[in-house]
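Listed here are the chains, written in short residue letters.
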Amino acid sequence: MTVPGVRCIGVSKKFRRGEHHDSLRSVIASFARALRSRPRAVEKNDREFWALRDVTFEVEPGQAVGIIGANGAGKSTLLKVLTRVLRPTTGIIDVRGRQGALIEIAAGFHPDLTGRENVALQGSIMGMPAVEIARKFDQIVEFAGVSEFIDTPVKRYSSGMNARLGFAIAAHLDPDVLIIDEVLSVGDLAFQQKAFGRIQDLVKSGIPVVVVSHQLDRVSQLCTHAILLDHGSVICQGTPAECIAEYLNPRRQGFTAVAGESPAAIDRVTVESEGEVVSGGPLRVRIEGTVGPGGVPSHVDPAVVLVMNAANGALVSAIGSSGSNLTIAEGAFAVDVELQMNVPRGLYVIQAAVWNRRTEQALGAGPSLVVQVGEGILFAGSVQLNGRMSLSPLVT
Amino acid sequence: MTLAEQISQAGGAQQVDASYSIWGALVEIAKELSSSRELTRQLILRDLRIRYKQAVFGLLWAVLMPGLIVLSGLVIRFAVVQMTGTTFERKMAAALAVKSLAWGFFIGAIGLATPSLTSNSNLVTKVHFPREVLPLSAILAQGVDSGIGALIFLFITPFLGIGLSAALVWLPIVLALLFCLTVAAGLLFSCANAFFRDVKYLVQMFITFGIFYTPIFYEPATLGPVGAKLIMLNPVTPLLEGLRLAVVEGHNLLVPLSVQAAKGMVVVWSPWYLAYSAAVAILGLLASALIFHRAEAVYAEYV
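Residues numbered from 1 in each chain as written. Chains lettered and ligands numbered in written order. Predicted model: local features only at pLDDT ≥ 70, side-chain atom pairs only at ≥ 80, totals over all residues.

Chemist: Please clarify how the overall build of chain A should be interpreted in this entry.
Modeler: The helix and strand tally for chain A stands at 9 helices and 18 strands. For 396 residues, the compact-globule formula gives about 21 Å, and the C-alpha radius of gyration of chain A, at 27 Å, lies well above that figure. Overall, the C-alpha framework of chain A stretches about 90 × 70 × 45 Å when taken along its three principal axes. Burial status across chain A gives 40% buried among its 396 residues. Contacts spanning at least 24 positions in sequence make up 74% of the contacts within chain A whose residues lie at least 6 apart. (Helix = DSSP H or I, 4+ residues; strand = E, 2+ residues; numbered from the N terminus. Rg over C-alpha atoms; globule rule 2.2 N^0.38 Å. Buried ≥ 20, exposed ≤ 12 C-beta atoms within 10 Å, placed from the backbone. Contact = placed C-beta atoms within 7 Å.)

What follows is the structure, encoded as structure tokens:
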């Protein structure tokens, strides 16, 4: 028996952009044009566009690889190549085992057919044998929570019901290899959690998984490995935290310090506290930087700032050294920051910068640091309210 | 195995892929199709359910198209009878019905199959499965429709003066060839339509006017000695004539047939006609299956 897995070796995919002849009429017209004028060979290369460039990775049983990157980085193309919808221009794709793809989960639904009929149709599109669909039918309907409406045409379904039913079919595929594209945000919150739990179970069962998602915290929770794509190339391959840090790196995002004058720079940001960081618990961070020769010019009023973003990019908190009365001078310096992580569990990105308070601009942004915050005991939810409780017995 | 070894192996594998074998491709198509039987069945069911679900006509749909062709043919026949002063025979109606059912299947199936890749673009661009099942299931869905029409026709045969004859053994053979020809055209046109969107309009035109170049409302003999031969170049003609001769006339298709017409003897049937259609149908099917399969990898980029 072959061990299920995904191998993607040197895969590139070229598309042609620009004018596409999609009718015979236009082909005949352009052929006539070409006969009259000399063909121009220069344009050909301009119109070529590499959606993937030499992507190589492997997924073994027990591994879950998250693919992250900005829009247009090539994530969907990579998944389409993996699921054999597209053929790579060069390179080899080897997917061993029955492949289950959670991609556009309601793609095969026909609005005029009932839920029941669509389950059979969609199941067969995903490669389920008829007996298996029949056997799992009740489970699927139960999971999707649409049992009352199963004999209603899906055009009468809400978009959430539609997506839930689609997900439920895909989630009951029992694949050897699972490929997931951005389906973690289906339905309402309760269903999202249920769906996420289902995917987690599949990952835990040890099958190889490839996930594409913009929800970076989900990627960090689900995946054992990650790949960061940028303009079709792999620019970072490693743990989810490494790739997410690189993805959110302000320098990569074009958020650089003011060019020309950079009298100060942040060199390193490190976590000093030991053990797991938990909600409500402490986190010690050390920021190391240097101030260039000549010290800080007089027109600069410097402050060290620390910015914390959630994995989805939202700003959680920005604090500055203004209140702490720090003065940085020529040479290397280190700033120790003590934080109380009054934030829900999840993945956070910490960046530091030297800030010019006079111009409100960053002088030197540093590398970013990713911190995984675990479940704490002090509070649950999104905000620590610092509630104080006192007891006074009531005399009746 | 190290990654480097795998890459060198991968390079080798690509070279093997480069040597294209027709036999290998045909085996691959057959394997893929046999593993997609359930999908084909579901797609046929989908097409039929949609067609019948909200239709007031219900099963009448199945006889509407051939029925209309028969009625149009009757009008034309009646006009001819009036002009020439001959008599109208029941067998004429029977011949019309047989040919209309077959022609209705042929054009209905092609009409459904041609846009099948583009109208299912949400599937083609997202899920991998053998693309052949799309035109094929469209053709088979039309086949079910025409089958229902044929059953209804069966009930009225006694009134049309058709009896059982040994020539009926030709019926499954001719129908199989018609099916092959239909699939050949369906695969070719759906493939072409994926790349060039105006193909479906061309096909629509060809379907509309095809009835004039196919002897349904008239007999080949009425075209004269040369015309009767030329009209056989249309590969559908020998199949329809074969159906008529076998079912209505009880004629053994291995026996040539000539009739006396105004300008001399006209050869209305020769087994070679059938051989010609069979060759076009089978070779056409093989060729279009290979073309369709070759283009399969890039449909997702074009539809």
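Chemist: What is the right way to read the overall build of chain B from this model?
Modeler: Broken down by element type, chain B carries 14 helices and 2 strands. Taking the principal axes of its C-alpha atoms as reference, chain B extends roughly 85 × 45 × 35 Å. Considering chain B as a whole, with its 303 residues, one finds that 41% of them fall into the buried category. Put simply, of all contacts in chain B between residues at least 6 apart along the chain, 79% involve residues at least 24 apart.

Chemist: What should I look at first to understand the interface of chain A and chain B in this one?
Modeler: It is common to give the size of an interface as the accessible area lost on bringing the parts into contact. In this complex, chain A contributes 30 residues to the contact, which on the side of chain B involves 26 residues. For the side of chain A that touches chain B, the secondary-structure elements that each account for two or more residues are strand 1 (5-16), helix 1 (24-36) and helix 4 (115-125) of chain A. Per-element accounting of the side of chain A that touches chain B gives the leading share, 5 residues, to helix 4 of chain A. By residue class, the composition of the side of chain A that touches chain B is 14 nonpolar, 7 polar and 9 charged. (Nonpolar A, V, L, I, M, F, W, Y, C, P; charged D, E, K, R; others polar.)

Chemist: Where do I start with the domain arrangement of chain A in this structure?
Modeler: All names here are of chain A. Assigned domains of chain A: these are domain 1 (5-19 + 27-243) and domain 2 (249-374). The gap between the C-alpha centroids of domain 1 and domain 2 is 37 Å. In this assembly, 5 residues from domain 1 lie in contact with 6 residues from domain 2. Ranked by residue count, the leading element in the side of domain 1 that touches domain 2 is helix 8 (residues 216-222), at 3 residues. Class assignment for the residues of the side of domain 1 that touches domain 2 results in 2 nonpolar, 2 polar and 1 charged. (Domains from an automatic or database assignment.)

Chemist: Teacher, can you tell me more about the environment of Leu123 of chain B here?
Modeler: Within the fold, Leu123 of chain B resides in helix 7 (residues 121-124). Exposure remark for Leu123 of chain B: the 22 C-beta atoms within 10 Å place this residue in the buried category. For the pair Leu123 of chain B and Ala300 of chain B, spaced 177 residues apart in sequence, the C-alpha separation works out to 9.0 Å. The residues contacting Leu123 of chain B, other than those within four sequence positions of it, are Ala107, Gly108 and Ile125 of chain A.

Chemist: Is there a simple way to think about the sheet that holds strand 1 of chain A in this case?
Modeler: Hydrogen bonding along the main chain pairs the strands of a sheet, whether they run parallel or antiparallel. Residues and elements named next belong to chain A. Here 3 strands make up an open sheet; going across it, the order is 2-1-4 and the pairing antiparallel. A single partner strand is all that each edge strand has here, and the edge strands are strand 2 (48-59) and strand 4 (90-96). Strand-to-strand, the axes of this sheet are offset by a mean angle of 20 degrees, without reference to chain direction. As defined by bridge partners, strand 1 adjoins strand 4 across 6 bridges and the pair is classed as antiparallel. Within the sheet, the bridge partner assigned to Arg7 lies in strand 4 and is Asp94. (Pairing = 2+ DSSP bridges. Axes fitted to C-alpha atoms, helices over the stretch in contact; angles between N-to-C directions.)

Chemist: Mind showing me how you'd approach unusual backbone geometry here?
Modeler: Trans peptide bonds make up most of the peptide bonds, and negative phi angles are found at most residues other than glycine. All names here are of chain A. Of note, the phi angle at Asp54 is positive, near 50 degrees, even though the residue is not glycine. Inspection of the secondary structure puts Asp54 in strand 2. Of the residues examined, Asp54 has 14 C-beta atoms within 10 Å and is grouped as partly exposed. For His231, which is not glycine, the phi torsion reads 50 degrees and is therefore positive. As for its position among the elements, His231 is in the loop between strand 8 (225-230) and strand 9 (233-238).

Chemist: How do you make sense of the pairing of strand 8 of chain A when you look at a structure like this?
Modeler: Consecutive side chains along a regular strand alternate between the two faces of the sheet. Residue and element names in this part refer to chain A. Within strand 8, 5 of the 6 residues are buried, which leaves it mostly tucked inside the rest of the structure. The pairing of strand 3 (residues 64-68) with strand 8 spans 4 bridges and is parallel. Among the inter-strand pairings, Ile68 is bridged to a residue of strand 8, identified as Leu228. As paired elements, strand 8 and strand 9 share 5 bridges and run antiparallel to each other. Considered in strand 9, the bridge of Ala226 is made with Gly238.

Chemist: Just to check I follow, could you spell out the packing of helix 4 (residues 60-84) of chain B against helix 5 (residues 90-113) of chain B for this structure?
Modeler: To characterise two packed helices, one gives the angle between the axes of the helices and the distance between these axes. Residue and element names in this part refer to chain B. With their axes 8 Å apart at the nearest point, helix 4 and helix 5 run at an angle of 135 degrees to one another. Our classification of the angle between helix 4 and helix 5 gives oblique. Between helix 4 and helix 5 lies a crossing of right-handed hand. In this structure, helix 4 contributes Met65, Pro66, Ile69, Val70, Gly73, Leu74 and Arg77 to the contact, and helix 5 contributes Met92, Ala93, Leu96, Ala97, Ser100, Leu101, Trp103, Gly104 and Gly108. (Parallel < 35°, antiparallel > 145°, perpendicular 65-115°, else oblique. Left-handed = near helix turned anticlockwise from the far one by under 90°.)

Chemist: It is not clear to me how the confidence of the model for chain A should be interpreted in this structure. Could you clarify?
Modeler: Reading fine detail from the predicted coordinates is not recommended where pLDDT is low. Averaged over every residue, the pLDDT of chain A is 82; residues scoring 70 or more account for 90%. Segment residues 253-259 of chain A is flagged for pLDDT under 50; beyond a separation of four residues in sequence, or across chains, it makes 11 contacts in the model. (pLDDT = per-residue confidence, 0-100.)

Chemist: Even after reading the chapter, I still don't get the packing of helix 2 (residues 22-34) of chain B against helix 13 (residues 271-295) of chain B, so can you show me in this structure?
Modeler: All names here are of chain B. Where helix 2 contacts helix 13, the two axes come as close as 10 Å, and the packing angle between them is 80 degrees. Classified by the interaxial angle, the pair formed by helix 2 and helix 13 is roughly perpendicular. On helix 13, the residues touching Ile22, Ala25 and Ile29 of helix 2 are Ala289, Leu290 and His293. Taken together, the residues that form the contact of helix 2 with helix 13 break down as 5 nonpolar, 1 polar and no charged.

Chemist: So what exactly am I meant to see when it comes to the sheet that holds strand 12 (residues 282-291) of chain A here?
Modeler: All names here are of chain A. Spatial ordering of the open sheet is given by 10-12-15, a layout of 3 strands whose pairing is antiparallel. Two strands close off the open sheet at either side, each with one partner strand: strand 10 (264-271) and strand 15 (331-340). Geometrically, the sheet is characterised by an average inter-axis angle of 20 degrees between neighbouring strands, direction not taken into account.

Chemist: Would you take a moment to explain the confidence of the model for chain B for this structure?
Modeler: Residues and elements named next belong to chain B. The share of residues in chain B with pLDDT of 70 or more is 92%, and the mean pLDDT across the chain is 87. Counting contacts from residues 6-18, a segment whose pLDDT is below 50, to residues more than four positions away or on other chains yields 8 contacts. As scored by the predictor, the complex reaches a pTM of 0.81 and an ipTM of 0.80.

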